[in-house]
Amino acid sequence: MKKALVFLADGFEEMEAVTPLDFMRRAGLDAKFVSLAGTLSVTGSHGVTYRADMLFDEKVASEADMLILPGGLPGAQNLQDNEALGKLLLKFHEEGKFVCAICAAPMVLGHLGILQGKKATIYPGMEDRLIGATPVADKVCRDGNVITGKGPGAAMTFAITLVEALAGKEVADSLRTSTVYD
């Protein structure tokens, strides 16, 4: 079973974390919330507190197939400030595994040099944070093993794109139907 991890840091955007996790679990994927806050309880940018499935563990995380960064502020900055997460993202990228970020979080990938020569999208007005990338206006952009999303309004499209990347088009199409997406 393919495994995806959604990283939560204090100040994350709730829709951008919950929607991908929910869609992946509906698709039968092993998806978990991983806390970078040092406690299983992590509070989002709109004051909603969630309980993560696990605390960050580099060894366990390195066995996943996909890493997902929700945006939100200061959540995205907290993700960027986490050196262990940065090392893991670079390792995944070098191995050709999926690194995914939405809203403000693609800035983390830009900061690490992961977007060099890629197309990517980010929350409007933050395009300068896509260091090395060609910014696109699409809600969701997939360029190889990098998937980026524009913001909360793109959360469902982002989630379905992630599911399709890990489980295939048939599973993603089934999700589109069952969730009345289209």
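Residues numbered from 1 in each chain as written. Predicted model: local features only at pLDDT ≥ 70, side-chain atom pairs only at ≥ 80, totals over all residues. Heavy atoms only, no water.

Q: Please explain the sheet that holds strand S6 (residues 66–69) as it appears in this structure.
A: Strand pairs in the sheet, formed through backbone hydrogen bonds, run parallel or antiparallel to each other. Here we have seven strands laid out as an open sheet, ordered S5-S2-S1-S6-S7-S11-S10, and mixed in their pairing. The outermost strands of the open sheet, each flanked by one partner alone, are strand S5 (54–55) and strand S10 (140–143). In this sheet, strand S11 (residues 146–149) lies alongside S10 in antiparallel orientation, the contact comprising four bridges. The partner of Asp143 across the bridge, within S11, is Val146. Here helix H4 (residues 83–95) sits on the sheet in contact with strand S1 (3–8), S6, strand S7 (98–102) and S11, set at roughly 135° to S6. Against the sheet, helix H6 (residues 155–167) makes contact with S1, S6, S7, S10 and S11, and its axis sits at roughly 175° relative to S7, the strand it touches most. (Pairing = 2+ DSSP bridges. Helix = DSSP H or I, 4+ residues; strand = E, 2+ residues; numbered from the N terminus. Contact = heavy atoms within 4.5 Å. Axes fitted to C-alpha atoms, helices over the stretch in contact; angles between N-to-C directions.)

Q: Just checking my understanding: could you explain the pattern of salt bridges for this structure?
A: If the charged atoms of two oppositely charged side chains come close together, the side chains can form a pair. Under the counting rule described, the total for this entry stands at eight salt bridges. The salt bridge partner of Lys59 is Glu63, with a shortest N-O separation of 3.9 Å. There is no split in this pair, since Lys59 and Glu63 are both exposed. With a closest N to O distance of 3.5 Å, Glu164 and Arg176 form a salt bridge. (Salt bridge = Lys/Arg side-chain N within 4 Å of Asp/Glu carboxyl O. Buried < 20%, exposed > 50% of the residue type's maximum accessible area, 1.4 Å probe, protein only.)

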